[in-house]
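Breakdown of the fold
Chain by chain, the residues:
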Amino acid sequence: MTGSLLLRNARLLDPLSGEYTEGDLRCADGRVAEVGPGLAAADVPTLDVRGAVVLPGLIDAHVHVTASTADLGSLPSSSPSYVAAHAARTMSRMLDRGFTTVRDVAGADFGLADAQAEGLFRGPRLLFCGRALSQTGGHGDSRTRGTRVQDDHPCCAGLSRVADGEDAVRAAARDELRKGAHHLKVMASGGVASPTDRVDSTQYSAGELRAIVEEAEAANRYVAAHAYTARAVNRALELGVRSIEHGNLIDDRSVELFREHDAFLVPTLVTYWALKEEGREHGLPESSWRKVDDVLGAGLAALDRAARGGVRLVYGTDLLGGMHRHQNHEFRLRAEVQSPLEVLRSATSTAAELLNLAGEIGTLAVGAHADLLVVDGDPLADAGVLAEPKHFRHIVQGGEVVSG
């Protein structure tokens, strides 16, 4: 997108400093070109946003845009074109919720990313990992006990691929990187939506995890790991994983390791809330629904422990199927233990750091992508302002008004 736009009389919010400045903001060629009082620009669309707050577009660092149902095991039997059509609609709605960049952590590929970048459908910028890597019987293995054959054929939709052994995981990692992955995703513990594992298991050997990390680092990429328990989280951090997804059952040692390794935690509280409330309506199998309680109650406690310990926290939602509509509710859940500014940073400046896009997104700085949110209300006083898209006056992507 290469839009030019002038926003006048704005209250400009810098998430990093947590401070407001009064002034104008000019976008040119899809970037923030100038910020200050009394800016002039001839023949440029102008919006007077007096009374509104302008902040960077939001970032969700844990999405599955191809998860058209909570029954993840059924995705490989869906037509890829059907799944892509669902993903396009899901991403369009994410944009309407103020999310101008999302990191997909299993399922999306270069085709969706290229289509969005070329404007074939509207949606947030998409950073993808391709297929997540899972051991046999791990969180990414959707086979039931009575199913023998595993089909990871690329023609089929799906979130994961199964690879066992150091040579096999290296080959799988290299293959996802070959296809343009911005990061690699590994299943380092059990999970809710998988049929044959336990939430409290660790997955992959140290040698296998180390091999995946080595391949990512060789390509100047990084590894994100699905992990719940302190045992799974801590070994992943010790082996060089950069971001932990979920982390509901971390301990004090986990907090130390996050800080020692300069790693990130991406909690996803809203997905457990949504799965408990309505997961079965959207295809979550009964056996998986019964596992939700194992991680639901611990999520807020883990977030509080991490926040007090100085862990770098990033906004993530992990919603599936028809539950995507709750994407902004994560702001309200986190505000139970964090200040609105801390939650905002997790969805802007800190998320940009994790994505290796600091200065490019999550900021109003000159030179950044002109992805902006114009909101009524004070998001520093009330996290509910960002939890309710009805407060969004305009959504700007690449200097063009795309909603409002």
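Keep in mind that this is a model prediction, so the values were computed, not measured.

Counting secondary structure elements, the chain contains 13 helices and 18 strands. In terms of overall size, the chain behaves like a compact globule, its C-alpha atoms giving a radius of gyration of 20 Å where 404 residues would be expected to give roughly 22 Å. Expressed along its principal axes, the backbone C-alpha trace of the chain runs to roughly 65 × 45 × 45 Å. Within the span of the chain, comprising 404 residues, buried residues form 58% of the whole. Residue pairs at least 24 apart in sequence account for 70% of intrachain contacts in the chain once pairs closer than 6 positions are excluded. In the form shown here, the chain has an accessible surface area of approximately 15400 Å², with 47% of it arising from carbon and sulfur atoms. Measuring between centres, the 42 positive side-chain charges of the chain sit 3 Å from its 55 negative side-chain charges.

The subject of this paragraph is the environment of Ala 225. Summarising the element assignment, Ala 225 is placed in strand E12 (residues 223-229). Taking C-alpha positions, Ala 225 is 8.4 Å from Leu 184, a pair spaced 41 residues apart along the chain. Residues within four places of Ala 225 in sequence aside, it is in contact with Val 186, Ala 188, Ala 236, Val 241, Ser 243, Ile 244 and Glu 245.

Here we take up the pairing of strand E13 (residues 243-249). The buried fraction of E13 amounts to six of the seven residues, a majority that puts the element mostly inside the structure. Relative to E13, E12 is paired through five bridges, and the arrangement is parallel. When the bridges of E13 are listed, Thr 229 appears paired with Leu 249. Each parallel crossover has a hand, and for E12 linked through helix H5 (residues 230-238) to E13 it is right-handed. Note: E13 against strand E14 (residues 264-266), three bridges, orientation parallel.

Take the sheet that holds strand E8 (residues 125-127) next. Judged by pairing direction, the sheet is parallel, and its three strands sit side by side in the order E6-E7-E8 without closing on themselves. The open sheet has two edge strands with one neighbour each: strand E6 (58-63) and E8. The average angle at which neighbouring strand axes cross in this sheet is 20°, direction not considered. For strand E7 (residues 99-104) and E8, the ladder comprises three bridges, and the chain directions are parallel. Along E8, the bridge assignment pairs Thr 101 with Arg 125. The strands touched by helix H1 (residues 80-96) are E6, E7 and E8; relative to E7, the strand with the most contacts, the crossing angle is about 135°.

Another aspect to go through is the nonpolar core. Core analysis: the biggest nonpolar cluster contains 60 residues, and Leu 184, Ile 212, Val 223, Ile 244, Phe 258 and Leu 265 have the highest contact counts within it. Setting aside its immediate chain neighbours within four residues, Leu 184 contacts Cys 129, Ala 173, Glu 176, Leu 177, Ile 212, Ala 216, Tyr 222, Val 223 and Ala 224. Core analysis: the next-biggest nonpolar cluster, separate from the first, contains 33 residues, Ala 87, Leu 112, Leu 344 and Leu 373 among them.

Looking at the element boundaries, His 324 is found in the loop between strand E15 (312-313) and helix H10 (329-334). On the basis of relative accessibility, which here comes to 6%, the residue His 324 falls in the buried class. Reaching out from His 324, the side chain makes a polar contact with the backbone oxygen of Gly 321 at a distance of 3.0 Å. When neighbours within four sequence positions are excluded, His 324 is seen to be in contact with His 64, Ala 67, Thr 90, Met 94, Arg 97 and Leu 319.

Leaving glycine out, the prevailing phi sign among residues is negative, and the prevailing peptide bond configuration is trans. Phi is positive for Asn 220, which is not a glycine, with a value near 60°. Position of Asn 220 among the secondary structure elements: in the loop between helix H4 (206-218) and E12. Assessed through its relative accessible area of 64%, Asn 220 is described here as exposed. Here the phi dihedral of Asn 356 falls at roughly 60°; this positive angle occurs in a residue that is not glycine.

With that settled, consider empty space enclosed by the protein. In this structure the tally under the stated criterion is one cavity of 30 Å³ or more. By volume, the largest cavity amounts to about 30 Å³. A class-by-class count of the residues in the lining of the largest cavity yields six nonpolar, no polar and one charged.

It is at 9 Å that the axes of H5 and helix H6 (residues 252-260) come closest, and there the two elements cross at 20°. With respect to each other, H5 and H6 are oriented roughly parallel. Crossing handedness for the pair H5 and H6: left-handed. Listed contacts from H6 to Ala 230, Val 233, Asn 234, Leu 237 and Glu 238 of H5 are Arg 253, Ser 254, Leu 257 and Phe 258. Looking at the contact of H5 with H6, its residues break down into five nonpolar, two polar and two charged.

Moving on, we come to the pairing of E7. Where burial is concerned, most of E7 is hidden: six out of the six residues are buried. In terms of strand pairing, E6 meets E7 through four bridges, oriented parallel. Of the residues in E7, the one forming a bridge with Val 63 is Asp 104. Running through H1, the crossover from E6 to the neighbouring parallel element E7 is right-handed. Regarding topology, helix H2 (residues 110-117) serves as the crossover connection from E7 to the parallel E8, and that connection is right-handed.

Conventions used here
- Residues numbered from 1 in each chain as written.
- Predicted model: local features only at pLDDT ≥ 70, side-chain atom pairs only at ≥ 80, totals over all residues.
- Heavy atoms only, no water.
- Helix = DSSP H or I, 4+ residues; strand = E, 2+ residues; numbered from the N terminus.
- Rg over C-alpha atoms; globule rule 2.2 N^0.38 Å.
- Buried < 20%, exposed > 50% of the residue type's maximum accessible area, 1.4 Å probe, protein only.
- Contact = heavy atoms within 4.5 Å.
- Areas by Shrake-Rupley, 256 points an atom, 1.4 Å probe, with all protein chains shown as cover.
- Lys, Arg positive; Asp, Glu negative; His and termini not counted.
- Charge placed at Lys NZ, Arg CZ, Asp CG, Glu CD.
- Pairing = 2+ DSSP bridges.
- Right-handed = clockwise from strand over helix to strand, strands pointing away.
- Axes fitted to C-alpha atoms, helices over the stretch in contact; angles between N-to-C directions.
- Core = buried A, V, L, I, M, F, W, Y, C linked by side-chain atoms within 4.5 Å.
- Polar contact = N/O pair within 3.5 Å; in protein donor to acceptor, adjacent residues only side chain to side chain.
- 1 Å grid on protein atoms, 1.4 Å probe; cavity = no way out; pocket = protein on both sides within 12 Å on 5 of 7 lines; lining within 4 Å.
- Points joined across faces, edges and corners; volume = space filled by probe spheres on them.
- Nonpolar A, V, L, I, M, F, W, Y, C, P; charged D, E, K, R; others polar.
- Parallel < 35°, antiparallel > 145°, perpendicular 65-115°, else oblique.
- Left-handed = near helix turned anticlockwise from the far one by under 90°.

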